[in-house]
Amino acid sequence: MSMQQVSHPTVILGGGFAGLFTALHLSQQNYSHPIILIEQRDRFSFKPLLYELLSGELHSEQVYPRYQELLAGSKVRFVQDIVQSINLFQSRVSTASGQLFKYSNLVLALGSKTTYFNTPGAAEYAMPFTSGKQAIALRKHLHHRLHQAIQTQNSERRRLLLTVAIIGAGPAGIELACTLADLLPIWYDELGGDGSEIRIFLINRSREILKGDVNSHLRCTVQRAMKNRVIPVDLLFDAAVTKITPEGVEYQQQNQTQILQAGTIAWTAGTVPNPLLMELEVSQSRGRLVVEPTLQLPDFPEVFAAGDCAINSDHPQPPTAQVAYQQGMAIAQNLKRMKESKSTIPVNIQMRGTLMKLGLNEGVANLFDKLQIKGQAGHLIREGTYLQLLPNSAHNRKVTTEWLKDELFQRHRSITPMQLGQTPWLSGVATAAATLIFATPLVWRAAQPAQFQQNLIWTGIPTLLDHLTPSSK
């Protein structure tokens, strides 16, 4: 085993929102110590926009960029490897390739992994949806099913191939269902099929969608949206999945065993913290590390934890992108304070609302839990806001500009109002654009570090205004 010749580095485990933004903020703060980010994947998955990656509304380089690209020019050393063990008592981390890292400070941001709750067949036949790689795999699978369906004359077989079952009615399941209910009829129509044959089922164990979720108060808005898709989403309530097969879902409903035949089965029913963290001899709550308000481990103040794998019992936060982003920024600030022999300060998470995708060209932006902006305006706010959170200012500017041009001119030419079941887009674009300009900074500005605030407000707006203003050319 080789020992890395690094003098007291800060080691960050996990390249999700919390880990990546901790690394970037440290680099931007002229942090004087080496920074090492260890992540097993080579690309960053911008999870809130995986639906756009699936649908082709955004490209892989926009929401699924390589870490080497995002970290170019920073002081962060990226190590693509799998964390094998963490020894808090000896302050070291080992990886699957045999590397050993001794640290002065450690940031645990390993995130979570999909859990199938020991459901037979789920791991083998259900498709998870938590990374860019999985989104691309699902897209290829769906295209394959549609091509199979258009070639078969057997109506029962075609019905199976054109049925999608999504397990779990949390935000991920709902956003996926709404996206596919608009998208698949378009894809199938382009092949010469009848889009009305597509069926989308959302299977939920309880009688409530979004149960216990931060978006639960959007339940009525979401249910209306699912009914108003190109293909209405069918909801199966009180359905406990008992088995997954290559072409179907077995579930218990009202004490009876039911079988739904489906050519595509997507799993969004739950996640668990990284099992590696459960081996640590520290306080935990349901697999999540218990942290102080400063996000430090109580018995190991040199170690921070954030994102899906950490919880402050007095002030629990939902496992969302905006929370992880702010935690990453706060950890970076506290690490710098520690190096300057200053005391760490509690993290103050500012929840500015929630955003959900409810189909192609439709979404809801829930501002401050008081104002809901729906439809196309909500869609523009959602995508514009998330693109402003991309973890590299140069990448951010490029992607936002490309998206604005595509959103306002190209995509709406290829997807007609009739296909989307909506009124012509030009009648509402001015309102939607104005909403994007003024509401997006209000929602997210407090979540940005000072050096990013100006970029947040102004990066995409000149381009947007240019497109909305008559040109003299």
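Let us look at the structure shown here. Quick caveat, the model's predicted, so the values are computed rather than measured. (Residues numbered from 1 in each chain as written. Predicted model: local features only at pLDDT ≥ 70, side-chain atom pairs only at ≥ 80, totals over all residues. Heavy atoms only, no water.)

### Observations concerning the nonpolar core
Definition in use: Here, nonpolar core means buried Ala, Val, Leu, Ile, Met, Phe, Trp, Tyr and Cys residues that are tied together by side-chain atoms lying within 4.5 Å of each other. Buried residues are those whose accessible area, probed at 1.4 Å on protein chains only, stays under 20% of the maximum for their type, while exposed residues exceed 50% and partly exposed ones sit between those limits. By the criteria applied, helices consist of DSSP H or I runs no shorter than four residues and strands consist of E runs no shorter than two, each listed in order from the N terminus. Note on contacts: a residue pair qualifies if any of its non-hydrogen atoms lie within 4.5 Å across the two residues.
Counting residues in hydrophobic clusters, the biggest one holds 119 residues, and the most contacted among them are Ile86 and Leu108. Per-element tally for this core: the top contributor is helix 8 (residues 171–190), with 11 residues. Other than its neighbours up to four places away in sequence, Ile86 contacts Leu13, Arg92, Val93, Leu106, Leu108, Leu110, Leu276, Leu277 and Leu280.

### Points about the sheet that holds strand 16 (residues 256–261)
Applied cut-off: Note: two strands are recorded as paired if DSSP finds a minimum of 2 bridges between them. Convention adopted: a line fitted to C-alpha atoms gives each axis, helices being fitted over their contacting stretch, and angles between N-to-C directions are expressed from 0 to 180 degrees.
A sheet is described by the order of its strands in space; here 3 strands give the open sequence 14-15-16, paired in antiparallel fashion. The strands lining the two open edges of the sheet, one partner per strand, are strand 14 (240–245) and strand 16. Each strand axis lies, on average, 25° off the axis of its neighbour in the sheet, ignoring direction. Relative to strand 16, strand 15 (residues 248–253) is paired through 6 bridges, and the arrangement is antiparallel. Among the inter-strand pairings, Gly248 is bridged to a residue of strand 16, identified as Gln261.

### What to know about the pattern of salt bridges
Pairs can form between side chains of opposite charge once their charged atoms are near each other. Put simply, the rule is: The term salt bridge refers to a pairing of a side-chain nitrogen on Lys or Arg with a carboxyl oxygen on Asp or Glu at a separation within 4 Å.
Under the definition given, this model contains 13 salt bridges. With a closest N to O distance of 3.8 Å, Glu39 and Arg41 form a salt bridge. On the accessibility criterion, Glu39 (9% relative accessible area) is buried. A salt bridge links Asp182 to Arg229; its shortest N-O distance comes to 3.0 Å. Separated by 47 residues along the polypeptide, Asp182 in helix 8 and Arg229 in the loop between helix 9 (219–227) and strand 13 (233–236) bring together distant segments of the chain. Classification of Arg229 as buried rests on a relative accessible area of 5%. What you see here is one network of salt bridges that share partners, running through Glu52, Glu57, Glu175, Lys357 and Arg382.

### Describing the pairing of strand 24 (residues 353–357)
Burial analysis of strand 24 places 5 of its 5 residues in the buried class, the great majority of the element. Alternating residues of strand 24 divide into Gly353, Leu355 and Lys357 and Thr354 and Met356, and every residue in both groups is buried. Judged from the 5 bridges that link them, strand 24 and strand 25 (residues 363–367) form a sheet pairing that is antiparallel. Bridge pairing links Thr354 to Asn366 in strand 25. Linkage of strand 24 to strand 25, two consecutive antiparallel strands, is achieved through a turn of 5 residues, within which Gly359 is found at a positive phi near 130°.

### Focus on helix 9
Helical geometry: 3.6 residues make up each α-helical turn, so side chains three or four residues apart lie on a common side. Spelled out, the test is: Taking the helix axis as origin, the arc is that swept by the directions to the C-beta atoms.
For helix 9, the full list of buried residues reads Thr221, Val222, Ala225 and Met226. All buried residues of helix 9 lie within an arc of 130° about the axis, which places them on one face of the element. For helix 9, exposure combined with an orientation more than 90 degrees from the buried face picks out Cys220 and Lys227. The secondary structure elements touched by the buried residues of helix 9 are helix 8, strand 12 (199–203), strand 13, strand 24, strand 25 and strand 26 (371–374).

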